[in-house]
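Spelled out, the chains give:
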Amino acid sequence: MTMNTNGNIYTIVYSAIIVILVAAILAFASSALKPMQDANIKAETISQMLDAAGIQEKGTAASNEEILDKYAENIEAAFAIDTNGVVTGTLSIARDNIELIDGLKAQNKNIKDKKDAKLPVYKFKNGTTVIPIYGGGLWGPVWGYVAFNSDLKTIAGAYFDHESETPGLGAKIKDDPAFRALFKGKVADFTAKPAFAIVKGAKGDHEVDAITGATMTSKGLSGAIGTWFKAYAPFFNKNVEE
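Procedures and definitions
- Residues numbered from 1 in each chain as written.
- Predicted model: local features only at pLDDT ≥ 70, side-chain atom pairs only at ≥ 80, totals over all residues.
- Heavy atoms only, no water.
- Helix = DSSP H or I, 4+ residues; strand = E, 2+ residues; numbered from the N terminus.
- Buried < 20%, exposed > 50% of the residue type's maximum accessible area, 1.4 Å probe, protein only.
- Contact = heavy atoms within 4.5 Å.
- Areas by Shrake-Rupley, 256 points an atom, 1.4 Å probe, with all protein chains shown as cover.
- Core = buried A, V, L, I, M, F, W, Y, C linked by side-chain atoms within 4.5 Å.
- Pairing = 2+ DSSP bridges.
- Axes fitted to C-alpha atoms, helices over the stretch in contact; angles between N-to-C directions.

Draft legend 1. Structural view of the overall build of the protein chain. Scanning the protein chain from N- to C-terminus turns up six helices and eight strands. Taken from N to C terminus, the helices and strands of the protein chain fall in the order α-α-β-β-α-β-β-β-β-α-α-β-β-α. Expressed as a percentage of its 242 residues, the buried residues of the protein chain come to 40%. Restricting to contacts in the protein chain with at least 6 residues of sequence separation, those with at least 24 account for 52%. When the accessible surface of the protein chain is summed, it comes to about 13,200 Å², and 56% of that surface belongs to carbon and sulfur atoms.

As structure tokens, then:
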């Protein structure tokens, strides 16, 4: 029996087959590409930490393998803490089994909801300790890494990124080296609330100037820093050098 190619049944069957085939192809492609995507994300995360720690300059061209090599060569220890400042586990720093804590959005929610949070601490051989921050900007999430000197108070460097902040304005948190440079040498006061802030007309050691024309992005990043610094405060206050 020959199906009427001009009939509704043929059209429905044909469309269903095409949809199924396309879905199968996309699922296969997604599955096949996931390891590569995961590797790229890991390398980008590590690269951002290395930038903050002053081990690698922003914009340095390097392959994923080179980034992993540099991390393995420079990392001293990595571990997780809770919001009470208690170490809850170690993270592998072995070159072929580097462990990171991602899912910062989920951890951010846990921090705000006062639930158990798994917060990473990365200590490098150059004496810096790096922690992440995450929050909301004007149009989407903002995040980054802040590195502290061995005294665990003085900021050694910072790297920030965003999903969709306005080019030339809010996007400067990532694109403008001068903005990131403002953080170097500043001091976080983990006994204060907030421990650090981004404000207009900054004057003290515990704050930097907001970006002109990017008020909401600056407030969002400042809020993210305040939230995460507060979560890390118990750990830093226990270990800070007097």
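After that view of the structure, there is still more to cover.
Draft legend 2. Examining the nonpolar core more closely. Counting 62 residues, the largest nonpolar core has Tyr122, Phe124, Phe160, Phe183 and Phe229 as the members making the most contacts within it. Per-element tally for this core: the top contributor is helix α6 (residues 215-239), with ten residues. Setting aside chain neighbours within four positions, we find Phe229 in contact with Ile131, Ile133, Val146, Phe148, Ala188, Phe190, Ala195 and Phe196.

Draft legend 3. A look at the sheet that holds strand β3 (residues 119-124). Read across the open sheet, the six strands follow the order β2-β1-β3-β4-β5-β6; overall the sheet is antiparallel. The sheet terminates laterally at β2 (87-90) and β6 (155-162), the two strands that pair on one side only. Here the average twist between neighbouring strands, direction ignored, is 25 degrees. Both strand β5 (residues 141-148) and β6 contribute to a ladder of seven bridges, which runs antiparallel. Across the sheet, Tyr145 pairs through a bridge with Tyr159, a residue of β6.

Draft legend 4. Quick look at the pairing of β3. Here β3 lies mainly inside the structure; five of its six residues are buried. Of the pairings in the sheet, the one linking strand β1 (residues 75-81) to β3 comprises six bridges and is antiparallel in character. Each residue of the ladder has a partner; that of Phe79, found in β3, is Val121. Inspection of the sheet shows β3 paired to strand β4 (residues 129-136) by two bridges, in the antiparallel sense. Following the sheet pairing, Tyr122 is matched in β4 by Val130.

Draft legend 5. Highlighting the side chain of Asn108. Residue position: Asn108 is located in helix α3 (residues 104-112). A residue is classified by how much of its surface remains accessible, and Asn108, at 8% relative accessible area, is buried. Excluding residues that lie within four positions of it along the chain, Asn108 makes contacts with Tyr134, Gly135, Thr227 and Trp228.

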